[in-house]
Amino acid sequence: MPEIKVTPLGAGQDVGRSCILVSIGGKNIMLDCGMHMGYNDDRRFPDFSYITQNGRLTDFLDCVIISHFHLDHCGALPYMSEMVGYDGPIYMTHPTKAICPILLEDFRKITVDKKGETNFFTSQMIKDCMKKVIPLNLHQTVQVDDELEIKAYYAGHVLGAAMVHIKVGSESVVYTGDYNMTPDRHLGAAWIDKCRPDILISESTYATTIRDSKRCRERDFLKKVHESIERGGKVLIPVFALGRAQELCILLETFWERMNLKAPIYFSTGLTEKANHYYKLFITWTNQKIRKTFVQRNMFEFKHIKAFDRSYADNPGPMVVFATPGMLHAGQSLQIFKKWAGNEKNMLDVKMQVEYMSFSAHADAKGIMQLIRMAEPRNMLLVHGEAAKMEFLKGKIEQEFSIDCYMPANGETTSVITNPSVPVDMSLNLLKREMALGGPLPDPKKPRAMHGTLIMKENSLKLVSSEQALKELGLNEHQLRFTCRVQLQDPHSDSDTLHRIYTHLKSLLKDYTIQHLPDGTVMVESIVIKVSSSAEDANSKVLLLSWSYQDEDLGSYLSSLLKKGLPT
Amino acid sequence: MAAHLKKRVYEEFSRVVQIPHEEAPAKKLRLSKPSKSAALHIDLCKATNSTDALQYLLQFARKPVEVESVEGVIRILLEHYYKETDNSVRLKIASLLGLLSKTNGFSPDCVVDDVINTLGNEKSHQVLAQLLDTLLVVGTQLPESPAVRPRLVEVACKLLSDTYFGVRNKCLQLLGCLGMVDTPLRQLPFRDVQSIISNYFSDQDPRVRTAALKAMLQLHERGLKIHQIIYEQACRLLSDDYEQVRSAAVQIVWVLSQLYPESIVPIPSSNEEIRLVDDAFGKISHMVSDGSWMVRVQAAKTLGSMLQVSPHFLEQTLDKKLMSDLRRKRTAHERAKELFASGEFSSGRKWADDAPKEKLDTNTVNLIASGACGAFVHGLEDEMFEVRIAAVEALCQLARSSPSFAEKCLDFLVDMFNDEIEEVRLQSIHVLREISTHITLREDQLDTVLAVLEDSSRDIREALHELLCYTNVSTKECIQLALLDLLKNLNKYPTDRNSVWKCLKFLGSRHPTLVLPLVPELLSTHPYFDTPEPDMDDPAYIAVLVLVFNAAKSCPTMPALFSDHTFRHYAYLRDSLSHLVPPLRLPGRKQVYSLDSVDPGCGSGSVESAKLFLQQSLNRVSTIQNLETPGAQDLLNFTIRDLQRLGELQTELAGAADFCATYLRCQLLLMKALQEKLWNMAVPLCLKQNVTATAAAQQILEETYKLEFLYSGLESRQVATIHHVRLQAKALQLILTARTRPGSCEKFLQEIESFQRMFLTELPHLQDGFVDKLLELMPRLLSCKPVELVKILQSSLRQSGLLQLRLPEQIHRASATIIEPTGESDNPLRFTTGLVVALDIDATLEHVQEPQDKVKVQVLYPDGQSHVIHPKPADFRNPGPNRHRLITQVYLSHTAWTEPSQVEVRLLLAYSSSSSSPSSSIKSGWSDSIDGLPPAEAAVEGTIPFSKPVKVYIMPKPARR
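Computed from a predicted model, the values in this text were never measured in an experiment.

1. Section: the overall build of chain B
Secondary structure summary: chain B contains 42 helices and 18 strands in total. By residue count, 50% of the 961 residues in chain B fall in the buried class. If you take every contact in chain B between residues at least 6 apart in sequence, the share linking residues at least 24 apart comes to 73%. Surface summary for chain B: the accessible area is close to 46,000 Å², and the carbon and sulfur share equals 54%.

2. A short note on the side chain of arginine 433 of chain B
Mapped onto the secondary structure, arginine 433 of chain B falls in helix α21 (residues 422–434). Once residues lying within four places of it in the same chain are set aside, the contact partners of arginine 433 of chain B are Glu466, Leu467 and Tyr470 of chain B.

3. Some remarks on a nonpolar patch on the surface
Residues and elements named next belong to chain A. Taken together, the side chains of Val422, Val424, Leu454 and Met456 define a hydrophobic patch exposed on the protein surface, amounting to about 400 Å² of accessible area. Structurally, valine 424 is set in the loop between β18 (414–417) and β19 (425–426). Residue valine 424 is classed as partly exposed on the basis of its relative accessible area, which comes to 34%.

4. Quick look at the pairing of strand β26 (residues 540–548) of chain A
Residues and elements named next belong to chain A. β26 sits mainly inside the fold: eight of its nine residues count as buried. Here nine bridges tie strand β22 (residues 481–489) to β26, and the two strands are oriented antiparallel to one another. The partner of threonine 483 across the bridge, within β26, is serine 546. With six bridges connecting them, strand β25 (residues 527–533) and β26 associate as antiparallel partners. Each residue of the ladder has a partner; that of valine 528, found in β26, is serine 546. The antiparallel hairpin formed by β25 and β26 contains six residues in its connecting segment.

5. Observations concerning the packing of helix α14 (residues 276–286) of chain B against helix α15 (residues 293–304) of chain B
Residue and element names in this part refer to chain B. For the pair α14 and α15, the least separation of the axes is 8 Å and the interaxial angle reads 150°. Looking at the two axes, α14 sits roughly antiparallel to α15. α14 and α15 meet at a crossing whose hand is left-handed. Facing α14, whose interface residues are Phe281, Ile284 and Ser285, α15 presents Ala299, Thr302 and Leu303. Residue classes in the contact of α14 with α15 are distributed as four nonpolar, two polar and no charged.

6. Description of the domain arrangement of chain B
Residues and elements named next belong to chain B. Per the domain assignment, the segments making up chain B are domain 1 (227–324 + 368–439), domain 2 (440–585), domain 3 (608–799) and domain 4 (814–915 + 939–957). In terms of surface lost to domain 4, no three residues of domain 3 exceed Tyr705, Phe709 and Leu710, which account for 72% of the buried area on that side. If you look at where domain 3 meets domain 4, you find zero salt bridges. For the interface between domain 3 and domain 4, the tally reads one residue pair in polar contact (both at pLDDT 80 or more). Ranked by residue count, the leading element in the side of domain 3 that touches domain 4 is helix α34 (residues 691–710), at four residues. Grouping the amino acids of the side of domain 3 that touches domain 4 by side-chain chemistry returns three nonpolar, one polar and one charged.

7. Points about the interface of chain B and chain A
In this assembly, 59 residues from chain B lie in contact with 57 residues from chain A. Across the chain B to chain A interface the summed buried area is about 4,900 Å²; carbon plus sulfur atoms make up 48%. In this assembly, chain B and chain A are joined by seven salt bridges. Measuring nitrogen to oxygen at the nearest pair gives 2.8 Å for the salt bridge that ties arginine 196 of chain A to aspartate 241 of chain B. Our count for the chain B to chain A interface comes out at 18 residue pairs in polar contact (both at pLDDT 80 or more). Among the secondary structure elements, those contributing two or more residues to the side of chain B that touches chain A are β3 (322–324), α17 (332–341), α18 (375–380), α19 (385–401), α20 (403–416), α22 (443–451) and α24 (476–492) of chain B. A breakdown of the residues in the side of chain B that touches chain A according to their chemical character gives 17 nonpolar, 18 polar and 24 charged.

8. Thoughts on the sheet that holds strand β24 (residues 521–524) of chain A
Residues and elements named next belong to chain A. An order of β22-β26-β25-β24-β23 is seen for the five strands of this open sheet, with the pairing classed as antiparallel. Since the sheet does not close on itself, it has two edges, and those belong to β22 and β23 (514–517), each with one partner. For this sheet, the mean angle separating the axes of adjacent strands, direction not counted, is 20°. Judged from the four bridges that link them, β24 and β25 form a sheet pairing that is antiparallel. Following the sheet pairing, threonine 521 is matched in β25 by lysine 530. The sheet contacts of helix α14 (residues 494–508) involve β23, β24, β25 and β26, and relative to β25 the element is tilted by about 145°. On the sheet, helix α15 (residues 552–563) packs against β22, β24, β25 and β26 and is oriented at approximately 170° with respect to β26.

9. What to know about α19 of chain B
Residues and elements named next belong to chain B. Spanning 17 residues, α19 covers 25 Å between terminal C-alpha atoms, matching the ideal 24 Å at 1.5 Å per step. With twelve of its 17 residues buried, α19 lies for the most part within the structure. All buried positions along α19 are accounted for by Phe385, Val387, Arg388, Ile389, Ala390, Ala391, Val392, Ala394, Leu395, Cys396, Leu398 and Ala399.

10. Digging into the packing of aromatic side chains
Following the criterion strictly, the structure yields 25 aromatic pairs over all chains and no others. A connected cluster of aromatic rings, assembled from ring pairs, spans Phe45, Phe48, Tyr79, Phe107, Phe120 and Phe121 of chain A. In this structure, arginine 90 of chain B is placed above the aromatic ring of tyrosine 81 of chain B, and the distance from its NZ or CZ to the ring centre is 6.0 Å. One Lys or Arg, lysine 505 of chain B, reaches over the ring of phenylalanine 506 of chain B and ends 5.4 Å from the middle of that ring.

11. Thoughts on the packing of helix α3 (residues 94–114) of chain A against helix α4 (residues 123–131) of chain A
All names here are of chain A. Two elements in contact, α3 and α4, have axes whose closest approach is 10 Å; the angle formed by their N-to-C orientations is 160°. Classed by the angle they form, the pair α3 and α4 counts as roughly antiparallel. The element α3 and its partner α4 pack so that their crossing is right-handed. Here α3 contributes Lys97, Cys100, Pro101, Leu104, Glu105 and Arg108 to the contact with α4, which in turn contributes Ser123, Ile126 and Met130. The residue inventory of the contact of α3 with α4, partitioned by class, reads five nonpolar, one polar and three charged.

12. Re the confidence of the model for chain B
Residue and element names in this part refer to chain B. Residues with a pLDDT of 70 or more make up 82% of chain B, whose mean pLDDT is 78. The lowest-confidence element of chain B is helix α42 (residues 920–926), averaging 35 in pLDDT; the highest-confidence one is helix α13 (residues 243–259), averaging 93. Counting contacts from residues 591–603, a segment whose pLDDT is below 50, to residues more than four positions away or on other chains yields ten contacts. Overall fold confidence (pTM) sits at 0.75, and the ipTM for the predicted complex is 0.79.

13. Description of the environment of proline 408 of chain A
All names here are of chain A. Mapping proline 408 onto the fold places it in the loop between β17 (404–406) and β18. Distance from proline 408 to threonine 272, taken between C-alpha atoms, is 35 Å for residues 136 residues apart in sequence. In this view, proline 408 contacts Pro8, Gly12, Gln13, Leu381, Leu382 and Thr414; residues no more than four positions away in its chain are not counted.

14. What to know about the pattern of salt bridges
For the coordinates displayed, the defined rule picks out 63 salt bridges over all chains. Across the pair lysine 27 of chain A and aspartate 145 of chain A runs a salt bridge whose closest N-O atoms are separated by 2.9 Å. Placement of the pair is lysine 27 of chain A in strand β3 (residues 27–31) and aspartate 145 of chain A in the loop between β7 (141–143) and β8 (148–154), with a sequence separation of 118 residues. Three or more residues are tied together by salt bridges with common partners; here these are Glu230 of chain A together with Glu454, Asp485, Lys488 and Lys492 of chain B.

15. Points about the confidence of the model for chain A
All names here are of chain A. Of all residues in chain A, 92% have pLDDT values of 70 or greater, and the mean over the chain is 84. The weakest mean pLDDT in chain A belongs to helix α9 (residues 331–346) at 63; the strongest belongs to strand β5 (residues 90–93) at 95. Counting interchain partners and residues more than four positions distant, the pLDDT-below-50 stretch residues 345–356 has 15 contacts.

Here is what the cut-offs are and how they apply
Residues numbered from 1 in each chain as written. Chains lettered and ligands numbered in written order. Predicted model: local features only at pLDDT ≥ 70, side-chain atom pairs only at ≥ 80, totals over all residues. Heavy atoms only, no water. Helix = DSSP H or I, 4+ residues; strand = E, 2+ residues; numbered from the N terminus. Buried < 20%, exposed > 50% of the residue type's maximum accessible area, 1.4 Å probe, protein only. Contact = heavy atoms within 4.5 Å. Areas by Shrake-Rupley, 256 points an atom, 1.4 Å probe, with all protein chains shown as cover. Patch = residues over 30% accessible without salt bridge, like charges linked within 9 Å, V, L, I, M, F, W, Y side chains within 5 Å. Salt bridge = Lys/Arg side-chain N within 4 Å of Asp/Glu carboxyl O. Pairing = 2+ DSSP bridges. Axes fitted to C-alpha atoms, helices over the stretch in contact; angles between N-to-C directions. Parallel < 35°, antiparallel > 145°, perpendicular 65-115°, else oblique. Left-handed = near helix turned anticlockwise from the far one by under 90°. Nonpolar A, V, L, I, M, F, W, Y, C, P; charged D, E, K, R; others polar. Domains from an automatic or database assignment. Buried area = accessible area lost by both parts, 1.4 Å probe. Polar contact = N/O pair within 3.5 Å; in protein donor to acceptor, adjacent residues only side chain to side chain. Expected span 1.5 Å × (residues − 1). Phe/Tyr/Trp six-rings, centres within 6.5 Å; stacked < 30°, edge-to-face > 60°. Lys NZ or Arg CZ within 6 Å of the ring centre and 35° of its normal. pLDDT = per-residue confidence, 0-100.

Here it is, written out as structure tokens:
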């Protein structure tokens, strides 16, 4: 039986180092190639030795697909392609291709320059790796080879995040990467058509959460910032991930614009600034509002937001500063925090408030269910989440959609048996003949039985009428007839019995042509019925039925009918 | 395949080459042929290949065909159709047949037989579809024909089994447009049109499924009752793979829910049953989270019109249950409500108050929204603003009919004030205003609402002011909050002054008891000390006073809290801003405006009596037999005075009173002009002396234009009366100038004719009038000499009686007020000569129809130059019925002046007599011969100033070198 195998090397019942292997229709595909934030040793990267112990991966993988630019989805890519060795195609969307190297370079700098690690990938390796990347467009079907095709859908998690539909023949898998079903200030919602894949591999970060509307969150945030600015206070906003920073920038920028505020907003320089450049360019990947208004003004060309300089922190008056890293544990955000926290003791009317806000762009439980409803998969597979939470969602999915749901751990293989349909060419003559027989229109919902000959020749399948098949193959036609004897107790003479059979059948089978031929036979369509009395007993008659195999249905019906005897 | 493609490429290539060759001679031939059909015939016979033929047909289709030759052309087309072997040419012919049968005045019965015959022999599916389309056109042209309809339906049924989707589509369309539900069909006795159409709900082609649904809708639109049986099928189509099918299915489900709201349907997989409208509501709610945004818009819009749904289901649409790590979490709305209830609202947010609470049982959590659950929660957060707007509108419609739902959806609407798209914000503010009668805002909600006051968009702020006018609030803190935020707004955007004051006026008069405890604080009075007197010109202080005075109107104890200067300020404001400050009964002060204080007491009674008075005055005037009756002038003078005063007192009748007064003034002028002594002299003698009469005639003409175009709500009878006066004025002019201007007599006679034509239906009402007399003498007038004519006119003018004016129900005078600039500024607007300066204009227009086309801004410079500026259509906003707002900029420029001086700015109402006079009732009189009508009167275009001019001080400086 054909089957699809899915093995997570990372992100199986876990968040981080997403890396999933899929074998479908004889093709092997790697989905994402991420690193784990929590580890600094070998566990940081997925275990590629699972694929092969020695040698390069090129022979074992048909392609690698990266869903978006976050490091837990692409962090191990240079390691895999350059250090382990892979020369095949790597697919990612245009924005991902543009932003990914910036993040990888940053990651390399921190690991090598700051922590002093050796045996790590180099800048050159990142460049070499990016040369192997083939960019994807949304909804563009890319033919990886003759059989394998992939298509990207909008995922809305960050700029350029994509879901991929992988298809071999009639088998298909959808991998969602990270996605978001609720639109935000700069990105739209994930969308997929009703592609009915065999497996839907979905993230499940918020498997057990249903979130409140983003409007309340936004309003709270804006109100706090606004109040603090009005009082002349300074606001420090530590931000984590690339993408969320832009979201908050857009949010504040539009608010400033709307409310006509004058206080400066600063953005601590760093990788986000570089990334911002790309945000300006990939307008088509953003939401409706930004796409519609960019003709007048590109929303990412901020009017109120300027680059931050260390000296600005001492400026008097209200201001808002975005700084990295998000945890306030080091770097610029810590410096600023220290400076302003100290000031707070001196300046009485500026009250330092600590606000915790969550602006996360993952789909919540409802969102995941919504995506399942959109795509209508036959099986479901959860990754990128905690085991306990997945368990809950798994139960819910099985209950609501009555489909199988899997949640393999890392290294564990899930196989799903598929039932691929095999396309067969049908000869036009045969089709027309069949249509003429069975009503005007074929009903696509109902299977239909038909006669024909399947010819398998040189990897192609053909369904033709039997005459044509005989002709093509140069064979002679053989007639196959069934004959059957039925014993009957009937006191009448042979000819009378025959006549009685004739009238009996005539009364029962109204739609068929029944003939009483002068040579002592009854013909029902092409079925011949003869009567002969047995030698010993004149009363017991032997009926001889003969039919060709095409009339098998009618023939067997008649024989069983006649076995019951004639009405007296 | 490749060979085929190649062939097609060659074909197309050859087409491109051949066209220019054949075109030129074809045109020449056509010119020489008189008959259209003959020309076509020759052309088509000449065509050697299909490309040529197509080309001829295309050219032919560009020109209209006269009714008489349609039949012939159709014959020729059909003839060629039978001969033609090329599909594309036949297809074009078929489409031409359809086009031709649309010709006005042509009855397409005769086409039917031919087309149906050709249907039988046609092999190409595309041509078949086109032929059916032609039949559809014919069928819609002859909706009531008893012979054609069943035949067409029969044809459609027969061809429904075609394999090509286009043919099936057209057949379904035909059935939808022409089929009858109740009469069974001839050849299929047990099936009616509806069941045939519903069979195709499960067609394999989505386009056919859509067409079937649309055909069903068409049946419904034609007023046929569609059966409930298809409900289940339609519901199944809601989950179709194709969006257009789903969209049409939403409509069908909605239609059924409106037709059979109360019938009972079973819930699958349970034994329960619910009302159909509830079931449909649930299903359509589900579509709000559909994959396609078109469907989502459709679903959201539809929800708004399902008013019969049970409250239980309605409230589910706003339902959302939150959880975090399987723990129940409260929504921000619930938290805000609790916080407010516990009295901790002002202290702000507690740390981690959104921490999840109790653990949830995994079995009870429902992740898939069943039924209507959370439909609006989804819709309001949708990615596309079209969906959000539709959801907001639907919320509004539902909330208007259900107060409890209005209360519930309040939080969500308030949230929408923060949307990223201005249109959505504006819409949600408008919606909140519309449902504001049902709701009372809580303090925290008000806080969110007020935050929007800082928005930089003027439209948003003004919408919000409008909203606050109608809002109910619950506590005095709310009033204080609102006042503070409005003052902040005033400070930030001083241009909002009027709007803010108006808003506070309503806020005060709505909540007198809540304002009362705040008064000492607001006026900063102190029990022992005298506080300094605030600045009277401070807009913020005026704002506070407006609030307090309006509250004091229905709270008699309040004035006791006022200090001395407050009373003085009251007197000042009552004079200067009388529309904002109501009359108050102040202790120890005499009522300054006795009339005003009486007014509110009598209410509607006074309007009635005023109406009666108006009518009586008119009746009295009508006693004047003709214009020479002694004492008539005095009577008119008094009546005009009375009417003018009445208009001032009774604002509701101001339009009518003004209208009458102006009309009477015209009559008076006419009367005076006729009574001049000079009048009896021989005409040539008085040429030099009749200046006053000339001026009067001119003035009457102007007044009639005002009467006609400045007032809305006129009926054709009034228009006729006005035109009659105009005719009189023209007659007067003619008498004065007949000698000097030859040809003016003919013109006048033409005018009489056109008057007769225009007001044929009104003529009986004009008996004894001037026109009536003239029409009697018409044969004589046409033949006589100018001198004679003048004499006749003179006598008939003097003998004709006064036409009685009948008042229409509603009559309003268009008016405009320029709010900005105020004309108070002493600082001249300085700018360099040769450059321009932009002047902001803000004006309100009332009772102006289509101001975009009519309203203009005029700038008058001191040297007599005047500029007329046409504002952009986008500068007009429509804040309410019959109200418009013009916010625009005009550019001023002039050569250098030695010192600053004033320019006048005013608004003009443009009119054109050609466009406005034929109102609907008049049209019926002469609609038969519009084309043959000569230009009635040379279209008179002009402008009427309808606002008070405002003076702006400007100073163009010479350019520095």
